[in-house]
Amino acid sequence: MSRKLLSEFLGTFWLVFGGCGSAVFAAGFPELGIGFLGVAFAFGLTVLTMAYAVGGISGGHFNPAVSVGLTVAGKFPVSSLVPYIVAQVVGAIVAAAALYVIVTGKAGAELGGFAANGYGEHSPGGYSLVSALLIEVILTAFFLIVILGSTHGRAPAGFAPIAIGLALTLIHLISIPVTNTSVNPARSTGQALFVGGWALQQLWLFWLAPILGGVIGAVVWKLFGEKEE
């Protein structure tokens, strides 16, 4: 179990450090910034690379909503759920701490939004709580369907990390303007702890919506996609 938890810690650390790091450092860099497109690919690449690196050890969840969804789908034991979530959240917090140290190491630097997730006035595009809730639920549900489908026995072996990484890229392309894209409570928690204030006040949504979406995706998959043809 310790190897699995370390893998989840490392995978979630890489997801937050790479994805949120790209948003904090590179997205708006004058003239050469990578923008929303680059950030979306950064998040997808973190999952793709770590799924290949350590997915064979822990399953490569790197996300409490994924762990909950896989548990509901009967693909992950209930007894391992809490330890996995703890490892993921700790990995995200440590990554956010590392980003914080780097950001504040520049003279005159301001933390700003620090890639935290938000709605209302803290949504990049000014979208409401209802908009944020709906998009996070829908996208996490489809993320679980992609995960369960691409790891199913009838899917081509060895390609699941590519499908999952590209799905996460697409998810970010859709929803960065709405919520800065969570679909991952651990990722949201790490950034919110350092932003404080509004980010912590709105954090509840980025636990509720992704987990609800993960459960819905798992249930939908069990209804139509689980059985072999």
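All figures in this text were calculated on a predicted structure; none of them were measured in a lab. (Residues numbered from 1 in each chain as written. Predicted model: local features only at pLDDT ≥ 70, side-chain atom pairs only at ≥ 80, totals over all residues. Heavy atoms only, no water.)

A closer look at the overall build of the protein chain
Then comes step 1: Regarding its fold elements, the protein chain presents nine helices and zero strands.
Then comes step 2: Starting at the N terminus, the α and β elements of the protein chain follow one another as α-α-α-α-α-α-α-α-α.
Then comes step 3: A globule of 229 residues ought to have a C-alpha radius of gyration of about 17 Å, and the protein chain, at 17 Å, matches this closely.
Then comes step 4: Considering the protein chain as a whole, with its 229 residues, one finds that 49% of them fall into the buried category.
Then comes step 5: Sequence-distant contacts, at least 24 apart, represent 77% of the contacts inside the protein chain between residues at least 6 apart.
Then comes step 6: Carbon and sulfur atoms make up 71% of the accessible area of the protein chain, which totals about 10400 Å². (Helix = DSSP H or I, 4+ residues; strand = E, 2+ residues; numbered from the N terminus. Rg over C-alpha atoms; globule rule 2.2 N^0.38 Å. Buried < 20%, exposed > 50% of the residue type's maximum accessible area, 1.4 Å probe, protein only. Contact = heavy atoms within 4.5 Å. Areas by Shrake-Rupley, 256 points an atom, 1.4 Å probe, with all protein chains shown as cover.)

Details of the nonpolar core
Then comes step 1: By size, the foremost hydrophobic cluster in this structure holds 43 residues, and its most contacted members are Leu15, Leu70, Phe143 and Leu168.
Then comes step 2: Of all the secondary structure elements, the ones that give two or more residues to this core are α1 (2–26), α2 (35–58), α3 (64–72), α4 (81–103), α5 (129–150), α6 (160–179) and α9 (205–224).
Then comes step 3: If you tally residues by element for this core, the top one is α4, at nine residues.
Then comes step 4: When sequence neighbours within four positions are dropped, the list of residues in contact with Leu70 reads His61, Lys75, Phe76, Leu144, Ile147 and Leu148. (Core = buried A, V, L, I, M, F, W, Y, C linked by side-chain atoms within 4.5 Å.)

What to know about a nonpolar patch on the surface
Then comes step 1: There is a patch of nonpolar side chains on the surface, built from Val72, Leu129, Val130, Trp204, Leu208, Leu212, Ile216, Val219, Val220, Leu223 and Phe224 and spanning about 990 Å² of accessible area.
Then comes step 2: At the level of elements, α5 and α9 are the ones that each hand at least two residues to the nonpolar patch.
Then comes step 3: Per-element tally for the nonpolar patch: the top contributor is α9, with seven residues.
Then comes step 4: We classify Leu129 as partly exposed; its relative accessible area is 31%. (Patch = residues over 30% accessible without salt bridge, like charges linked within 9 Å, V, L, I, M, F, W, Y side chains within 5 Å. Salt bridge = Lys/Arg side-chain N within 4 Å of Asp/Glu carboxyl O.)

A word on α2
Then comes step 1: Its 24 residues give α2 an end-to-end C-alpha distance of 32 Å, which sits within 8% of 34 Å, the value for a rise of 1.5 Å per residue.
Then comes step 2: At Tyr52, α2 is bent by approximately 55°, the largest bend along its length. (Expected span 1.5 Å × (residues − 1). Bend = angle between axes of the 7 residues up to and from the residue.)

With respect to the packing of α4 against helix α7 (residues 185–195)
Then comes step 1: Following both chains from N to C, one finds α4 and α7 inclined at 40°, their axes separated by 8 Å at the closest point. Considering their axes alone, α4 and α7 lie oblique with respect to each other. As α4 packs across α7, the resulting crossing turns out to be right-handed. Each of Gln88, Val89, Ala92, Ile93, Ala96, Ala97, Leu99 and Tyr100 in α4 lies in contact with α7, whose residues at this interface are Ala186, Arg187, Thr189, Gly190, Gln191, Leu193 and Phe194.
Then comes step 2: In terms of residue class, the contact of α4 with α7 is made up of ten nonpolar, four polar and one charged. (Axes fitted to C-alpha atoms, helices over the stretch in contact; angles between N-to-C directions. Parallel < 35°, antiparallel > 145°, perpendicular 65-115°, else oblique. Left-handed = near helix turned anticlockwise from the far one by under 90°. Nonpolar A, V, L, I, M, F, W, Y, C, P; charged D, E, K, R; others polar.)

Things to note about the side chain of Thr46
Then comes step 1: Looking at the secondary structure, you find Thr46 in helix α2.
Then comes step 2: Looking at Thr46, the relative accessible area reads 4%, which means it is buried.
Then comes step 3: When neighbours within four sequence positions are excluded, Thr46 is seen to be in contact with Trp14, Leu15, Gly18 and Gly19.

Notes on the packing of aromatic side chains
Then comes step 1: The final tally for this structure, using the stated rule, is six aromatic pairs.
Then comes step 2: An angle of 10° between the planes, with centres 5.6 Å apart, marks the rings of Phe13 and Phe17 as stacked. Pair noted here: Phe13 and Phe17 are both in helix α1, with a separation of four residues, about one helical turn.
Then comes step 3: Three or more aromatic residues joined by ring pairs form one cluster here, namely Phe9, Phe13 and Phe17. (Phe/Tyr/Trp six-rings, centres within 6.5 Å; stacked < 30°, edge-to-face > 60°.)

With respect to the packing of α5 against α9
Then comes step 1: Axis separation between α5 and α9 bottoms out at 7 Å; the angle between their running directions is 40°. In terms of orientation, α5 lies oblique with respect to α9. Classified by chirality, the crossing of α9 by α5 is right-handed. Packed against α5, whose contacting residues are Leu129, Ala132, Leu133, Glu136, Val137, Thr140, Ala141, Leu144, Ile145, Leu148 and Gly149, the element α9 presents Leu205, Phe206, Ala209, Pro210, Leu212, Gly213, Gly214, Ile216, Gly217, Ala218, Val220 and Trp221 at the interface.
Then comes step 2: In the contact of α5 with α9, the residues fall into 17 nonpolar, five polar and one charged.

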